[in-house]
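Residues per chain are reported as follows:
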Amino acid sequence: MNINNFMQSQISGINDIIRDLGANFSSHHFIEKFSQKYESHYIDMLVDYRDSGNAFMKVHGQIAKFLSENMHVLQITKDEKKPSENIFGNEDIIQWWNK
């Protein structure tokens, strides 16, 4: 199952993650909670992209794309792109969201 299909099948759980985040959150915040809630699936997603050169970037990009393409269902809107610390402790400029 691809990432988009998995996330579509888990829309209720994804809404739960968003509900538990603050009013303003980054894609990194969402991915952190998503990877905890769906750990084994998240690991499978990374393994599927292990030969891509940067599995984390590919998987995280698709997760962020899902948020963007499903804003109306998730009841979120885009904020500006701002710095956020990634899972490796490096700061990136990424999408922030509002509920």
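Above: the structure in question.
Residues numbered from 1 in each chain as written. Predicted model: local features only at pLDDT ≥ 70, side-chain atom pairs only at ≥ 80, totals over all residues. Heavy atoms only, no water.

What about the pairing of strand E2 (residues 77–85)?
Sheet faces and side chains relate simply in a regular strand, where the side chains alternate between the two faces.
Thought 1: Here seven bridges tie E2 to strand E3 (residues 91–98), and the two strands are oriented antiparallel to one another. The partner of lysine 81 across the bridge, within E3, is glutamine 95. (Pairing = 2+ DSSP bridges. Helix = DSSP H or I, 4+ residues; strand = E, 2+ residues; numbered from the N terminus.)

Describing the nonpolar core
Thought 1: One finds Met7, Ile14, Ile18, Phe30, Phe34 and Ile63 to be the most contacted residues of the largest nonpolar core, which totals 23 residues.
Thought 2: Those elements giving two or more residues to this core turn out to be helix H1 (3–9), helix H2 (11–20), helix H3 (27–37), helix H4 (39–48) and helix H5 (55–69).
Thought 3: The dominant element in this core, judged by the number of residues it contributes, is H5, at five residues.
Thought 4: If we ignore the near neighbours within four places in the chain, the residues touching isoleucine 63 are Ile3, Met7, Phe30, Ile31 and Phe34. (Core = buried A, V, L, I, M, F, W, Y, C linked by side-chain atoms within 4.5 Å. Buried < 20%, exposed > 50% of the residue type's maximum accessible area, 1.4 Å probe, protein only. Contact = heavy atoms within 4.5 Å.)

Let's talk about the sheet that holds E3
Thought 1: Taken in spatial order, the three strands make up an open sheet running E1-E3-E2, and their pairing is antiparallel. Two strands bound the open sheet, and with one partner strand each, they are strand E1 (24–26) and E2. Across the sheet, the mean angle from the axis of one strand to that of its neighbour is 35 degrees, orientation sign disregarded.
Thought 2: In the packing of H3 onto the sheet, the strands contacted are E1, E2 and E3, and the crossing angle to E1 comes to about 75 degrees. (Axes fitted to C-alpha atoms, helices over the stretch in contact; angles between N-to-C directions.)

Quick look at the packing of aromatic side chains
The geometry of an aromatic ring pair is captured by two quantities: the separation of the ring centres and the angle between the planes.
Thought 1: On inspection of all chains with the given rule, the structure shows five aromatic pairs.
Thought 2: Taking the centre distance of 5.2 Å and the plane angle of 45 degrees together, the rings of phenylalanine 34 and tyrosine 38 count as tilted.
Thought 3: By relative accessible area, phenylalanine 34 is classed as buried at 0%.
Thought 4: Look at tyrosine 38 and you get buried, because its relative accessible area is 8%. (Phe/Tyr/Trp six-rings, centres within 6.5 Å; stacked < 30°, edge-to-face > 60°.)

Overview of the pattern of salt bridges
Thought 1: What the rule picks out here adds up to three salt bridges.
Thought 2: We note a salt bridge from aspartate 16 to arginine 19, for which the minimum N-O separation is 2.5 Å. Pair noted here: aspartate 16 and arginine 19 are both in helix H2, with a separation of three residues, about one helical turn.
Thought 3: Accessibility expressed as a relative area gives 24% for aspartate 16, which makes it partly exposed. (Salt bridge = Lys/Arg side-chain N within 4 Å of Asp/Glu carboxyl O.)

A word on the side chain of histidine 60
Thought 1: Relative to the helices and strands, histidine 60 resides in helix H5.
Thought 2: Histidine 60 sits in the buried class, given a relative accessible area of 13%.
Thought 3: Not counting residues within four places of it along the chain, the set of residues in contact with histidine 60 comprises Ile31, Tyr42 and Ile87.

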